[in-house]
Amino acid sequence: MEFLHELLYFLKTRKKFWLLPLIIMLLILASLVALTSASALAPFIYAIF
Amino acid sequence: MRNIILGISAFYHDSAAALIIDGRIIAAAQEERFTRIKQDAAFPVQAIKYVLSEAGVSFDELTAVAFYDKPLLKFERLLETYHAFVPRGWRSFIKAMPVWMKEKIFMKKMLRKEFRALGATKNTPLYFPEHHLSHAASAFYPSPYENAAILTVDGVGEWATTTISYGRGRDIKILRELRFPHSPGLLYAAFTYFLGFKVNSGEYKLMGLSPYGIADDPQTVSFREKILTTLVDIRSDGSILLNMDYFDFATGLKMTVTPLWEALFGISRREPESEITTAHMNLALAIQQVTEEIVVALARTASEITGSTNLVMAGGVALNCVANRKIKDADIFKNIWIQPAAGDAGGSLGAAYAAYHIGMEQERIYFPGDDAMQGSFLGPAYSDVEVKQMMARYAAVAAHYPDITALTERVSAYLAAGKIVGWFQDRMEFGPRALGNRSILADPRQPDMQQQLNLKIKFREGFRPFAPAVLAEDAHLYFKDAAASPYMLFTTTVKSEWRIAPVKNAAASFAATVEESEPELSVASIYERLQQERSAIPAVTHLDHSARIQTVHRTLHPKLWALINSFKKLTGCSLLINTSFNVRGEPVVNTPEDAWLAFMRTEMDYVVIGNYVFEKSRQPTLPKELFKSFEMD
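In the nomenclature of an unreviewed UniProt entry, chain B corresponds to Carbamoyltransferase from the organism Chitinophaga arvensicola. Per UniProt, chain B has the following entry under Sequence similarities (unreviewed entry): "Belongs to the NodU/CmcH family."

What follows is the structure, given as structure tokens:
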């Protein structure tokens, strides 16, 4: 709940509500698929993510 | 009640922890030093345990914890970047999103979980200063100035890649910001990648390679022009626009669109560890020149918009000591101070400072003329008991010199005889440089010492330069600019009286190496250039007669000062080679055990740990299983 509250507050402050559908989609996908994926960063790129 | 703030940097590269109490730095350390994994990005459990123990406090006694960036803002940047470039970037998107969905977007929860494992039983207030504010705070608050222009330049934080701020008293105001993907740090990193070095650690190598390029070679001139006309547009205020057709980092898993770069420069991307050619050296010089142009323009803008006569800097690009020299030479500021832990590790310290001064509105303590970094000796120290325990564990044999004068006389005699000595004393350095407490020392007058150290001790590329540690009071005898430089963050030039006149046109003297089809590239190979004696202190003089000096001060570095002074009495030479105590790919040593093992794994002749002197020939054979190779950086 704290996370959702903060996320909404963040989107409101930054006026970025258009990102919300994308984030919801990602959270749904994450719960289905991505949780099983590895999280290693690519070895030859600056750690931008 | 005391305000005890823990600062943390983690999850990207160079995780670290720092602790300040009532605005004074108590301790700071990088996680890599404990885990022995270079640039370890993991949550800095051991570094946190160390800083808490150094302060003698438990986790629950902390007033606040500060994390060095804003995760949601970074996530926003990622999503908007992918959206802007769609469908390009799907590979990177697939790679990045699981990490975010699983962990990083829930950063607060993840941090609290880690804190509980460290003994936290309550929710300590958490601050998330922006990445570049953390850098700015790390540069300004410990600096010796009441007010300063603050320049931070790195790869990328949330959105910002470069900021100019003004610091006064306890306030920092961000005045200008350059945003992703337009980044001087990522531009330099792209060349690091193209020249076959590892991104995020090979930038030092690129900088070290650049003086091997020939400035007036038509190829260098042409490379520079191509960079400026095709890859990057530099505006008069120092802001830049990258031509993103040529860069892959925003959406891909590489830094460059390599076929386009190869077509542009007419050379192939250098394979890692392959031969370094003249073209590689010239390209390194060209991008170094362009980077210098950018940072000098940024410094000029910082001066104009802040009106301050003081400049402080942080961010990875601030570790480019050649560019720092250019800012100094441009005479824009009266004073310049650079955070010695300018990379992301230093963000932990900056985050703690930002929470204290900005978040909690506490007044700043500063000491005019004296910074608050304590020589950057902010890490752990080890007692004689711990040294003896290590000796017992490995049956290591040492001579004990309880008197510092006797110790320095003995060790300086070894150095004067051409021996290579590991030097381990007191508290470990915070930041990438070894400043005399975890160092390998040698005589800089010996012509082959640079190659010997690189190949037999550090197991790294032979061309890489070494820095001189010089008695502060004698620096003027050897170097053109002898201003205090205790953190090895500026280059200077060796005075003409010490130089050995180069063979006129080094290029022509090695005509045998010239390809007939490429007469314009009539220059020597890197190793032929390396063997040219440049000065009477050749091992610390770069090809262009520059040297990245560390001035050694009696008050700040008492033991190293005593050692060099003793060496001076013996030889008349007031300086030593000072390089970090590690081998290639290994983090700098932390404990006596790390030091003894590194000593045993290399051809180092002696190691001094506290007052104990270990001679190689007297040590037992190191069991095979203790020989360890580190991943090449």
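Additional details are given in the paragraphs that follow.
Peer 1: Got a minute to help me understand the packing of helix α7 (residues 184-194) of chain B against helix α10 (residues 258-265) of chain B in this structure?
Peer 2: How two helices pack is summed up by the angle between their axes together with the distance between the axes. Residue and element names in this part refer to chain B. Axis separation between α7 and α10 bottoms out at 12 Å; the angle between their running directions is 85°. With respect to α10, the element α7 is oriented roughly perpendicular. Two secondary-structure elements touch here, α7 through A190, F191, Y193 and F194 and α10 through T258, W261, E262 and F265. Residues of the contact of α7 with α10, tallied by class, amount to 6 nonpolar, 1 polar and 1 charged.

Peer 1: Before we go on, may I ask you to explain the sheet that holds strand β5 (residues 126-127) of chain B in this structure?
Peer 2: Remark on secondary structure: sheet strands pair via backbone hydrogen bonds, oriented parallel or antiparallel. Residue and element names in this part refer to chain B. Taken together, the 5 strands give an open sheet; going across it, the order is β3-β2-β1-β4-β5, and neighbouring strands pair in mixed fashion. Each edge of the open sheet is held by one strand with a lone partner, namely β3 (24-30) and β5. Pairing of strand β1 (residues 4-9) with strand β4 (residues 64-67) involves 4 bridges; the strand directions are parallel. In the sheet register, I5 faces β4, and the bridge partner there is A64. Together, β1, β2 (16-21), β3, β4 and β5 form the strand contacts of helix α13 (residues 344-359), whose direction differs from that of β1 by roughly 145°.

Peer 1: Explain the side chain of H131 of chain B here, please?
Peer 2: Residues and elements named next belong to chain B. Here H131 shows up in helix α6 (residues 131-140). By relative accessible area, which is 1% here, H131 ends up buried. Non-local contacts of H131, meaning those with residues more than four positions away in its chain, are made with Y68, D69, D154, V156, G157, E158 and D344.

Peer 1: In this structure, what is going on with the pattern of salt bridges? I would like to understand it.
Peer 2: Any two side chains of opposite charge can pair if their charged atoms end up close together. Residues and elements named next belong to chain B. Tallying each qualifying case throughout the model produces 26 salt bridges over all chains. Its salt-bridge partner being R168, residue E146 comes within 3.7 Å of it at the nearest N-O pair. Of the two residues, E146 sits in the loop between α6 and β6 (147-153) while R168 sits in strand β7 (residues 160-168), which places them 22 residues apart along the sequence. Residue E146 is classed as partly exposed on the basis of its relative accessible area, which comes to 28%. Take R168: its relative accessible area is 43%, and that puts it in the partly exposed class. When the shortest N-O distance is used, the salt bridge between E461 and R464 registers 3.5 Å. With respect to burial, E461 and R464 carry one shared label: buried. What emerges from the salt-bridge pattern is a single network uniting K205, E273, E461, R464 and R584.

Peer 1: I tried to follow the pairing of β3 of chain B on my own but got confused; where do I start?
Peer 2: Side-chain direction in a regular strand flips from residue to residue, so the side chains alternate between the two faces of the sheet. Residue and element names in this part refer to chain B. Of all the 7 residues making up β3, 5 are buried; the element is thus mostly covered by neighbouring parts of the structure. Looking at chain direction, β2 and β3 are connected through 6 bridges and run antiparallel. Of the residues in β3, the one forming a bridge with L19 is A27. Counted between consecutive antiparallel strands, the loop separating β2 from β3 contains 2 residues, among which D22 sits at a positive phi close to 50°.

Peer 1: Help me out: how do you make sense of the domain arrangement of chain B in this one?
Peer 2: Interface size is commonly expressed as the accessible area that is lost once the parts come together. Residue and element names in this part refer to chain B. Along its sequence, chain B is organised into domain 1 (4-130), domain 2 (179-329), domain 3 (384-499 + 536-626) and domain 4 (500-533). Between the C-alpha centres of domain 3 and domain 4 the distance comes to 32 Å. Listed by partner, the interface residues are 10 residues for domain 3 and 8 residues for domain 4. The largest share of the area that domain 3 buries against domain 4 comes from Q451, F463 and L543, three residues that together contribute 49% of it. Run the count over domain 3 and domain 4 and you get 0 salt bridges. The tally of links between domain 3 and domain 4 comes to 0 residue pairs in polar contact (both at pLDDT 80 or more). Partitioning the side of domain 3 that touches domain 4 into residue classes produces 5 nonpolar, 4 polar and 1 charged.

Peer 1: Sorry if this is basic, but what is going on with helix α9 (residues 218-231) of chain B here?
Peer 2: The periodicity of an α-helix, 3.6 residues per turn, causes residues three or four places apart in sequence to face the same way. Residue and element names in this part refer to chain B. Here α9 spans 19 Å end to end across 14 residues, near enough to the 20 Å set by a 1.5 Å rise per residue. Every buried residue of α9 is listed here: Q219, T220, F223, I227 and L231. One side of α9 holds all its buried residues, which, seen down the axis, span an arc of 100°. Exposed residues on α9 whose side chains face more than 90 degrees from its buried face are P218 and T229. The secondary structure elements touched by the buried residues of α9 are α7, β9 (232-234), β10 (240-242), α10 and α11 (278-306).

Peer 1: How should I be thinking about the sheet that holds strand β20 (residues 575-580) of chain B in this particular structure?
Peer 2: Residues and elements named next belong to chain B. The 8 strands are arranged β13-β22-β21-β14-β15-β20-β16-β19 in an open sheet whose pairing can be described as mixed. One side of each edge strand has no neighbouring strand; the edge strands of this open sheet are β13 (399-400) and β19 (550-552). Examined bridge by bridge, strand β21 (residues 606-609) and strand β22 (residues 612-615) share 4 bridges and lie antiparallel to one another. If you follow V608 over to β22, its bridge partner there is V613.

Peer 1: Explanation requested: a nonpolar patch on the surface in the structure shown.
Peer 2: Side chains of I24, I28 and L32 of chain A sit close together on the surface and give an oily, nonpolar patch of about 310 Å² of accessible area. Of note, I24 of chain A is situated in helix α2 (residues 20-32).

Peer 1: Just checking my understanding: could you explain the nonpolar core for this structure?
Peer 2: Inside soluble globular proteins, nonpolar side chains tend to come together where they are buried. All names here are of chain B. Of all hydrophobic cores here, the largest spans 166 residues; its most connected members are L6, F59, F191, F247 and F265. Of the residues forming this core, the biggest block, 13 residues, is contributed by α11. In this structure, L441, F466, V607 and V608 belong to the second largest nonpolar core, which totals 61 residues.

Peer 1: Looking at this structure, how should I read unusual backbone geometry?
Peer 2: Backbone torsion omega between V86 of chain B and P87 of chain B reads 5°, so that peptide bond is classified as cis. Note on placement: P87 of chain B falls in the loop between α3 (71-85) and α4 (90-102). One non-glycine residue, K15 of chain A, lies in the positive phi region at around 55°. Note that K15 of chain A resides in the loop between α1 (2-14) and α2. One non-glycine residue, R36 of chain B, lies in the positive phi region at around 65°.

Peer 1: Even after reading the chapter, I still don't get α6 of chain B, so can you show me in this structure?
Peer 2: In terms of residue burial, α6 of chain B counts as a mostly covered element, since 10 of its 10 residues are buried. Those residues of α6 of chain B not exposed but buried are H131, H132, L133, S134, H135, A136, A137, S138, A139 and F140 of chain B.

Peer 1: Explain the packing of aromatic side chains to me, please; I cannot follow it from the model alone.
Peer 2: The way to describe two aromatic rings as a pair is by their centre distance and the angle between their planes. Residue and element names in this part refer to chain B. This model, assessed by the stated rule, comprises 29 aromatic pairs over all chains. Geometrically, the ring pair formed by F140 and Y141 is tilted, given 5.4 Å between the ring centres and 55° between the ring planes. Classification of F140 as buried rests on a relative accessible area of 0%. For Y141, a relative accessible area of 1% corresponds to the buried category. Summarising the aromatic geometry, the rings of F194 and F265 are spaced 6.2 Å apart at their centres and angled 50° between planes, so their arrangement reads as tilted. Placement of F194 in helix α7 and of F265 in helix α10 is noted, with a sequence separation of 71 residues between them. Each of the two residues, F194 as well as F265, counts as buried. These aromatic residues form a ring-pair network of at least three members: F180, F191, F194, F223, F247, F249, W261 and F265. A cation over an aromatic ring shows up here: K328 above the ring of F490, its NZ or CZ 4.4 Å from the ring centre. Here the guanidinium or amino end of R438 rests over the ring plane of F424, the centre of that ring lying 3.8 Å away.

Rules and cut-offs
Residues numbered from 1 in each chain as written. Chains lettered and ligands numbered in written order. Predicted model: local features only at pLDDT ≥ 70, side-chain atom pairs only at ≥ 80, totals over all residues. Heavy atoms only, no water. UniProt positions renumbered as here; feature names shortened; annotations may be inferred. Axes fitted to C-alpha atoms, helices over the stretch in contact; angles between N-to-C directions. Helix = DSSP H or I, 4+ residues; strand = E, 2+ residues; numbered from the N terminus. Parallel < 35°, antiparallel > 145°, perpendicular 65-115°, else oblique. Contact = heavy atoms within 4.5 Å. Nonpolar A, V, L, I, M, F, W, Y, C, P; charged D, E, K, R; others polar. Pairing = 2+ DSSP bridges. Buried < 20%, exposed > 50% of the residue type's maximum accessible area, 1.4 Å probe, protein only. Salt bridge = Lys/Arg side-chain N within 4 Å of Asp/Glu carboxyl O. Domains from an automatic or database assignment. Buried area = accessible area lost by both parts, 1.4 Å probe. Polar contact = N/O pair within 3.5 Å; in protein donor to acceptor, adjacent residues only side chain to side chain. Expected span 1.5 Å × (residues − 1). Arc of directions from axis to C-beta. Patch = residues over 30% accessible without salt bridge, like charges linked within 9 Å, V, L, I, M, F, W, Y side chains within 5 Å. Areas by Shrake-Rupley, 256 points an atom, 1.4 Å probe, with all protein chains shown as cover. Core = buried A, V, L, I, M, F, W, Y, C linked by side-chain atoms within 4.5 Å. Phe/Tyr/Trp six-rings, centres within 6.5 Å; stacked < 30°, edge-to-face > 60°. Lys NZ or Arg CZ within 6 Å of the ring centre and 35° of its normal.

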